[in-house]
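One-letter residues, chain by chain:
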Amino acid sequence: MPSMCRMCRENCKDISHITWHCKIAKKIWDWVADIFKLKPNEDLVAYYKVAKGRSRMIKDLWLVANLAIVTELWKLRNKAYYQNMRVRWLEFKGRVHQHRTCKHSVPIEVAWTPPNPDKLMICCDGASLGNPGQAGSGVVFRDSNSAVLGVLCVGLGWQTNYYVEVCAAIYGAVVAQRWNVKNLCVRSDSMSCILAL
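Counting starts from 1 at the beginning of each chain's written sequence and moves along it residue by residue. Totals for whole chains, interfaces and linings use all residues, but because this is a predicted model, local features are given only for residues with pLDDT of at least 70 and pairs of side-chain atoms are given and counted only at 80 or more. Values reported for side chains reflect all heavy atoms of the structure, with hydrogen atoms and water molecules removed beforehand.

Draft legend 1. Layout of the pattern of salt bridges. The salt bridge definition used is simple: a Lys or Arg side-chain nitrogen within 4 Å of an Asp or Glu carboxyl oxygen. Throughout the structure, instances matching the rule amount to three salt bridges. We note a salt bridge from R56 to D60, for which the minimum N-O separation is 3.5 Å. Of this pair, R56 and D60 both sit in helix 4 (residues 56-82), four residues apart, which is roughly one turn of that helix. A relative accessible area of 56% means that R56 is categorised as exposed. Close ionic contact of K75 with E72 constitutes a salt bridge, the shortest N to O distance being 3.6 Å. Helix and strand definitions here come from DSSP, where helices need a minimum of 4 consecutive H or I residues and strands a minimum of 2 consecutive E residues; each element is numbered from the N-terminal end. Burial classes follow relative accessibility: with a 1.4 Å probe on protein chains only, a residue under 20% of its type's maximum area counts as buried, one over 50% as exposed, and anything between as partly exposed.

Written out as structure tokens, the structure reads:
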């Protein structure tokens, strides 16, 4: 006599049915495929390879999604089997979302490109604990091969966010003279700082 899947109420022969072929599992994998715009695969290595060409962050999230879903499907199967609990789609999605720490349900891929061969890139940022508050600035210097040429960090005392963002860019430009480069590419997350320069 074949065993029955307690989630979809159909015949079940193995764990593969519970985690991939059950109609509940298929609905869940379709949901994940729609979020990532990638096609899941039952084989873990093949599953990971589907994300080839994507950023490291997307690959890692893709792998964590697989592990979280398989874990939650198994827990759901146990609750359905041992506690006779019914499958609730929204509750399941909520448990999968608990495996992540960000508030966005759709990953955003970000790309970074190195500067042109005749340029030096300075990636600068500033932060303060409060506004104003204890503050500091930091800069990373990169060449056209993306190699880190140097870093700079400066404690600036009690300052505003805007002030430390501008200081980061200015200090970066001053220190960049060390490499005798005529053109600078300044990267900052502060649009007001970039516009001020």
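More follows now that the structure is in view.
Draft legend 2. Looking closely at the confidence of the model for the protein chain. Mean pLDDT over the protein chain stands at 83; residues scoring 70 or higher make up 92%. One number per residue, pLDDT, summarises how confident the predictor is, and it ranges from 0 to 100. The least confident element of the protein chain, judged by mean pLDDT, is helix 5 (residues 89-97) at 71; the most confident is strand 4 (residues 133-142) at 92.

Draft legend 3. A look at the sheet that holds strand 6 (residues 183-188). Spatial strand order, 5-4-3-6: four strands in an open sheet with mixed pairing. The sheet terminates laterally at strand 5 (148-159) and strand 6, the two strands that pair on one side only. When the angles between neighbouring strand axes are averaged without regard to direction, this sheet yields 20 degrees. The rule for pairing is simple: two strands pair if DSSP sees at least two bridges between them. By the bridge criterion, ten bridges tie strand 4 to strand 5 in an arrangement that is antiparallel. To obtain each axis, a line is fitted to C-alpha atoms, and for helices this fit is confined to the stretch in contact; angles are then taken between N-to-C directions over 0 to 180 degrees.

Draft legend 4. Main features of the side chain of S190. Among the structural elements, S190 can be located in the loop between strand 6 and helix 7 (191-196). Using a relative accessible area of 10% as the deciding quantity, one classes S190 as buried. A 3.5 Å cut-off defines polar contacts: any pair of N or O atoms within that distance qualifies, except that in protein one atom must be a possible hydrogen donor and the other a possible acceptor, and neighbouring residues in sequence count only when both atoms are side-chain atoms. Of the polar contacts made by the side chain of S190, one reaches the side chain of S192; its length is 3.3 Å.

Draft legend 5. How the structure looks around unusual backbone geometry. Going from N131 to P132, the amide bond is cis rather than trans, its omega being 5 degrees. Mapped onto the elements of the fold, P132 is located in the loop between strand 3 (119-130) and strand 4. Despite not being glycine, S146 has its phi angle at roughly 70 degrees, a positive value. Mapped onto the secondary structure, S146 falls in the loop between strand 4 and strand 5. Exposure remark for S146: the relative accessible area of 26% places this residue in the partly exposed category. One non-glycine residue, N180, lies in the positive phi region at around 55 degrees. Relative to the helices and strands, N180 is located in the loop between helix 6 (161-176) and strand 6. On the basis of relative accessible area, N180 is assigned to the exposed category, the value being 68%.

Draft legend 6. Quick look at the pairing of strand 3. Where strand 3 and strand 6 come together, six bridges link them in parallel fashion. Bridging from a neighbouring strand, I122 pairs with V186 of strand 6. Sheet topology note: the strand 3/strand 4 ladder contains ten bridges and is antiparallel. If you follow I122 over to strand 4, its bridge partner there is F141. Connecting strand 3 to the next strand, strand 4, in antiparallel fashion are two residues.

Draft legend 7. Expanded view of the packing of helix 2 (residues 23-36) against helix 4. Look at helix 2 against helix 4: their axes get within 11 Å of each other, and the N-to-C directions meet at 160 degrees. The angle between helix 2 and helix 4 places the two elements in the roughly antiparallel class. Crossing hand, helix 2 versus helix 4: right-handed. On helix 4, the residues that touch I24, A25, I28, W29, V32 and F36 of helix 2 are I58, L61, W62, A65, N66, I69, V70, L73 and L76. Here the residues of the contact of helix 2 with helix 4 sort into 14 nonpolar, one polar and no charged. What sets the label is the angle itself: under 35 degrees gives roughly parallel, over 145 gives roughly antiparallel, 65 to 115 gives roughly perpendicular, and the rest give oblique. The handedness criterion is simple: a crossing whose near helix is rotated anticlockwise from the far helix by less than a right angle is left-handed, and one whose near helix is rotated clockwise is right-handed. Residue contacts are counted whenever heavy atoms from the two residues lie within 4.5 Å of one another. In the scheme used here, Gly and all other residues not listed as nonpolar or charged are polar, with Ala, Val, Leu, Ile, Met, Phe, Trp, Tyr, Cys and Pro taken as nonpolar and Asp, Glu, Lys and Arg as charged.

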